[in-house]
Structures are given as C-alpha cells and as structure tokens.
Amino acid sequence: MEQGLDARSGWPRPLPAFEEAAVDALVKCSPYAAKLKDWSIGGTLTNLERFNGIGCAARGVPSAYVWSGTDQYHSGKFVADGVYDPNKVDAQLGVAGLIMVMMELDPSIGFDGASPAPQQPAPTSAQPTGAPPVRDGIWLQNSLGRGICAGRGGS
C-alpha cells in the first residue's frame, strides 16, 4: 500500500494499529470524545451520535446509528454521504441497543455520570484453568447472534 496520507480522511497510509487509530479518533477528531466530562447515558449517546454525524438530529428523527434494534427506531438512515432514505431500515444494532446488551451481560457497566476510571490492560497470557471465560468482541458478537436482543426489535 502507498505510504503517505489518505486524500479523503487525512489519516496516514497504511493505517496504524487499531489502538493507535482509536486514540487518534478520540483525541484528534470532532467531537473530541477524549475531552468529554458527561458520561451519563444521555451524554454518552449524544456524543456517539455526534461522532457518527448529526444529520438525523437535524431532521428531527431518531438516528439508526444510535437507536436501530430498539423501540425508538423504525426506519430511516443515511445510505451514502449526505443521502438520507426515510424508508431504509437499518438491520445493524445501534449503539444504544449494544450498550443495553453489554449492561445485561456485564453488571459492572453503568452510567452514573462519572468519568470511567483507567483500567489496567488485560493480561495477554493464556487463561488459567478455572478462570472465568474471556468476554471479548468475538464473544459479544456470538452472544448478539444468539438473539439476546429478542424483544427489542433487534434481529
């Protein structure tokens, strides 16, 4: 792949490691989520929508990015940059539904408005016998695929 900056995004090519790209997005890209002070559920969802784009809010309709798979969303999404289709139904689970599932699966996830405390990275060594199962992204995807969102409008 060609070295340099991507003409559209301004990001380096090739893209850095996922962790570096995530930090870059949180620190250097609007809405500058690394500077957020309001970590209530409302503040979190608002800023997730701001990070994705506020085109739906400007239209006064629920964002598929936030609400798809919940009772707050029925249809409408951007199908391309600047192109909104009010009849398109997003099949992906929105971030609100994803957070709801994560809260069901891990009771330590909560929204009291406080900034999250820094956490130590998980050990990378093999899991000892008898240890609780690893609940990583693959586990979450498998859990979602088993229909944990049933009853919320998700599929």
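Sequence positions are assigned chain by chain, starting from 1 and proceeding in written order. In keeping with the model being predicted, local features are shown solely for residues with a pLDDT of at least 70 and side-chain atom pairs are shown and tallied solely at 80 or more, while totals for entire chains, interfaces and linings include all residues. With hydrogens and water set aside, each side-chain value is computed from the structure's full complement of heavy atoms.

Engineer: How should I be thinking about the pairing of strand β3 (residues 77-80) in this particular structure?
Structural biologist: A regular strand places its side chains on the two faces of the sheet in alternate fashion. Paired strands are those between which DSSP finds at least two bridges. Helix and strand assignments come from DSSP, with helices taken as H or I runs of at least 4 residues and strands as E runs of at least 2, each series counted from the N terminus. The pairing of β3 with strand β4 (residues 83-85) spans three bridges and is classified as antiparallel. What sits directly across from Phe78, in β4, is Tyr84. Between β3 and β4, which pair antiparallel and follow one another directly, the connecting turn spans two residues, one of which, Gly82, has a positive phi of 75°.

Engineer: Help me understand the side chain of Lys77 in this model?
Structural biologist: Its location among the elements puts Lys77 in strand β3. At 3.4 Å, the side chain of Lys77 forms a polar contact with the side chain of Asp90. When neighbours within four sequence positions are excluded, Lys77 is seen to be in contact with Ala64, Val83, Tyr84, Asp85, Lys88 and Asp90. Under this definition, polar contacts are N or O atom pairs within 3.5 Å; protein pairs additionally need one hydrogen-donor-capable and one acceptor-capable atom, and for neighbouring residues in sequence, both atoms have to be side-chain atoms. Contacts: residue pairs with any heavy atoms within 4.5 Å of one another.

Engineer: Whenever I open this one, the packing of helix α2 (residues 41-52) against helix α5 (residues 95-105) confuses me. Can you help?
Structural biologist: The relative placement of two packed helices comes down to the angle between their axes together with the axis-to-axis distance. Convention adopted: a line fitted to C-alpha atoms gives each axis, helices being fitted over their contacting stretch, and angles between N-to-C directions are expressed from 0 to 180 degrees. Running from amino to carboxyl end, α2 crosses α5 at an angle of 140°, the nearest separation of the two axes being 10 Å. If you check the angle between α2 and α5, you find them oblique. The chirality of how α2 crosses α5 is right-handed. Each of Ile41, Thr44, Leu45 and Leu48 in α2 lies in contact with α5, whose residues at this interface are Val95, Ala96 and Ile99. For this scheme, ten residues count as nonpolar: Ala, Val, Leu, Ile, Met, Phe, Trp, Tyr, Cys and Pro. Four count as charged, namely Asp, Glu, Lys and Arg, and the remainder, Gly too, count as polar. Counted by class, the contact of α2 with α5 contains six nonpolar, one polar and no charged residues. By definition in this entry, angles of less than 35 degrees are roughly parallel, angles greater than 145 are roughly antiparallel, angles of 65 to 115 are roughly perpendicular, and the rest are oblique. If you view the pair so one helix is near and one far, a crossing is left-handed when the near helix is turned anticlockwise from the far one by less than a right angle, and right-handed when it is turned clockwise.

Engineer: How do you make sense of a nonpolar patch on the surface when you look at a structure like this?
Structural biologist: Patch membership requires over 30% relative accessible area and the absence of a salt bridge. Like charges are linked within 9 Å, and nonpolar side chains (Val, Leu, Ile, Met, Phe, Trp, Tyr) within 5 Å. Shrake-Rupley sampling with a 1.4 Å probe provides the accessible areas, and residues are treated as covered by the protein chains on show and by no other component. Put simply, a salt bridge is a Lys or Arg side-chain nitrogen that is within 4 Å of an Asp or Glu carboxyl oxygen. A cluster of nonpolar side chains, namely Val23, Leu26 and Val27, defines an oily patch on the protein surface of about 240 Å² accessible area. Note that Leu26 resides in helix α1 (residues 18-28). In this structure Leu26 comes out as partly exposed when scored by relative accessible area, which is 41%. Exposed residues in this analysis have more than 50% of their type's maximum accessible area, buried residues have under 20%, and partly exposed residues fall in between, with area computed by a 1.4 Å probe over protein chains only.

Engineer: Help me understand the pattern of salt bridges in this model?
Structural biologist: Between side chains of opposite charge, a pair can form when the charged atoms approach closely. According to the stated counting rule, one finds two salt bridges in the structure shown. Lys28 is the salt-bridge partner of Asp24, the closest N and O atoms lying 3.3 Å from each other. With Asp24 and Lys28 both in helix α1 and four residues apart, this pair spans about one turn of that helix. The salt bridge partner of Asp90 is Lys77, with a shortest N-O separation of 3.4 Å. Taken together, the residues Asp90 in the loop between β4 and α5 and Lys77 in strand β3 connect sequence positions 13 residues apart.

Engineer: Any chance you could explain the environment of Ala96 here in plain terms?
Structural biologist: Position of Ala96 relative to the elements: it lies in helix α5. With sequence-adjacent residues up to four places away left out, Ala96 is seen in contact with Leu45, Val66 and Trp67.

Engineer: Would you mind showing me how to read the nonpolar core here?
Structural biologist: A general trend in soluble globular proteins is that nonpolar side chains are found buried together. Throughout, nonpolar core names a set of buried Ala, Val, Leu, Ile, Met, Phe, Trp, Tyr and Cys residues whose side chains join them through atoms within 4.5 Å. Counting residues in each nonpolar core, the largest one holds five residues, listed as Leu45, Val66, Val95, Ala96 and Ile99. Counting residues per element, this core draws most heavily on α5, which supplies three residues. Discounting chain neighbours no more than four positions away, the residues touching Val66 are Leu45, Glu49, Gly94, Val95, Ala96 and Gly97.

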